[in-house]
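Observations on chain architecture
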Amino acid sequence: KMATGEWGGTMNLTEPQCGTDLGLIRTKAVPNGDGSYNITGQKIWISSGEHDFTDNIIHLVLARIEGAPAGIKGISLFVVPKVFVNEDGSLGERNVGAACAGLEHKMGIHGNATCVMAYENAKGWLVGTENKGMAAMFVMMNEARLGTGLQGLSIGTAAYQAAVEFAHDRLQGRSLTGPKSPELPADSIMVHPDVRRMLLEARAFVEGGQAFTLWTALQADLQHSNDEAEAQKARDYMGLITPVLKAYLTDKGFHVASLAMQVHGGSGYTEHFAASQYLRDARITMIYEGANGIQALDLVGRKLPANGGRAIMTWFADIDAFVSENGGETPIKPFVDGLTDAKKKLQEGTMWLMQNGMQNPDNAGAASTDYLHIFGLTALAYMWAQMAKAAQAQVDAGSTDPFYANKLMTGRYFVERILPDTGAHLVKMKTGAEVLMQMPAEAF
Ligand SMILES: Cc1cc2nc3c(=O)[nH]c(=O)nc-3n(C[C@H](O)[C@H](O)[C@H](O)COP(=O)(O)OP(=O)(O)OC[C@H]3O[C@@H](n4cnc5c(N)ncnc54)[C@H](O)[C@@H]3O)c2cc1C
């Protein structure tokens, strides 16, 4: 019933004293002796915590069984239904101990009721094993992180489309090279190079991000391949790519929404168009499902070293193979060269982390966000190189469909005006922790 959308679901991790650091969870679970538990505690910021869109809401709640070890090792996962389910699947009585204690007021995503949830001897059942609640919750969270990356990208996509529509309609000023629509009182803002910069920046991220999500979706399928080597490679990629996709696409989704607002001018900041809503809605994606700074730490601290660095080595090898297959003086050379350079910088950043992060973990923390951005840029460079190859093949075969020509023009913007950012990120990450940590906390 959850899969069909008849019932809703929530995830209850956050409490007033803990968001990122879930080892601080206080919600308690007391066994009733019949396999069920009584759950007591307060959860905050619970998405879709209460509403009447569905007949039932199934809450997944992290709590600490009485006597469990302190910290993250003592957290268990429980299923707590809003309404109990009878043996025959019909709905029974209300689980009166599970209640919404209030709605949060927030800057965006107003279509979602974000709730304070009060559990007072609410009846729940253990999911999985005692004290292994985080591992159980991560089955869902890994998927939710991919969904959040897609959410950031999708809001950016909608914002870009709105900006294009506005730019066609808005007449302001004349082209620097002479009027393009002399019959009108002014040209559309489409003629201005700086407006083009914003639109192409947005479009290059959107199309690159879409390819990246589809490529990742393919890996998600390949995890279930009958060929064990192929399945293992896909699993490695899913682990490595999840924090990159979540953080990079949400950072850029918000950036695109901001560019789209700028294209709208004052009409974007006021509420006449959807631009301001997109900006507000996009912002949360950088925070929930693990703040983006935490994704960067997950990438450098857990995902890179996993299995002796097997996933990142495979990633480099796959890019090298693509480069050697597609090298030479072809029309897509700028894409292949751009990818080669980005991969080199990612490799250099990885080496720097190995050498400097181990000796001082603050170096890894200080470099993590810039490293994640180099990774995101390299991933998009890889996607753009593949898209350019496919588009160029169509052009070479005589296609006059503007889709392919436009794809190549958008990709050229990515390679020439976005990809060079890898250099700045590498320089910044290599400065290490000292510049960040030297100032005493009380001086802020
Ligand atoms: C609209 C909305 C919906 C939400 N929905 C849900 C939900 O359905 N279920 C749920 O359980 N939660 C939900 N949350 C909570 C959300 O997941 C948390 O807000 C998020 O995980 C960050 O936790 P926090 O707010 O406590 O920030 P904090 O953990 O206090 O972090 C504050 C800042 O410090 C940084 N930081 C913290 N620790 C570290 C560290 N060790 N290293 C480096 N930087 C660090 C963070 O990156 C962040 O920038 C929601 C929140 C909002 C606003």
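What comes next is a walk through the structure. Keep in mind the model is a prediction, meaning the values are calculated, not measured.

Definitions and cut-offs
Residues numbered from 1 in each chain as written. Predicted model: local features only at pLDDT ≥ 70, side-chain atom pairs only at ≥ 80, totals over all residues. Heavy atoms only, no water. Near = heavy atom within 4 Å. Polar contact = N/O pair within 3.5 Å; in protein donor to acceptor, adjacent residues only side chain to side chain. Areas by Shrake-Rupley, 256 points an atom, 1.4 Å probe, with all protein chains shown as cover. Helix = DSSP H or I, 4+ residues; strand = E, 2+ residues; numbered from the N terminus. Domains from an automatic or database assignment. Contact = heavy atoms within 4.5 Å. 1 Å grid on protein atoms, 1.4 Å probe; cavity = no way out; pocket = protein on both sides within 12 Å on 5 of 7 lines; lining within 4 Å. Points joined across faces, edges and corners; volume = space filled by probe spheres on them. Nonpolar A, V, L, I, M, F, W, Y, C, P; charged D, E, K, R; others polar.

A look at the site of the ligand
By nearness alone, 19 residues border the ligand, and Met-11, Leu-13, Thr-14, Thr-20 and Trp-45 come closest of all. At 2.7 Å, a backbone N or O of Met-11 approaches a nitrogen atom of the ligand. Here an oxygen atom of the ligand and a backbone polar atom of Gly-19 are 3.4 Å apart. Relative to its unbound accessible area of 970 Å², the ligand is 62% covered by the protein chains. Breaking the shell around the ligand down by element, the ones donating at least two residues are β1 (8-12), β3 (36-47) and α6 (292-303). Ranked by the residues each element gives to the shell around the ligand, the list is headed by β3, at 3 residues. Looking at which domains feed residues into the shell around the ligand, each of domain 1 (8-131) and domain 2 (135-290) supplies at least three.

Observations regarding the environment of Lys-407
With respect to the helices, strands and loops of the structure, Lys-407 is situated in helix α10 (residues 402-418). Separated by 403 residues in the primary sequence, Lys-407 and Thr-4 place their C-alpha atoms 37 Å from one another. Filtering out sequence-adjacent residues up to four positions away, Lys-407 remains in contact with Glu-207, Trp-384, Met-387 and Ala-391.

Remarks on the layout of surface pockets
Of the volumes computed, that of the largest pocket is approximately 1600 Å³. What lines the largest pocket is a set of 50 residues, among which Thr-14, Ile-287, Tyr-288, Glu-289 and Gly-290 lie closest to the centre. Among the elements of the structure, β1, β3, α1 (133-169), α5 (275-283) and α6 are those that each provide at least two residues to the lining of the largest pocket. Looking at the lining of the largest pocket element by element, the count peaks at 10 residues for α1. Residues belonging to the lining of the largest pocket are distributed by class as follows: 22 nonpolar, 18 polar and 10 charged. One number sums up the size of the second largest pocket: a volume of about 540 Å³. Forming the walls of the second largest pocket are 19 residues, and the residues nearest its centre are Asn-142, Glu-143, Leu-146, Ala-220 and Met-238.

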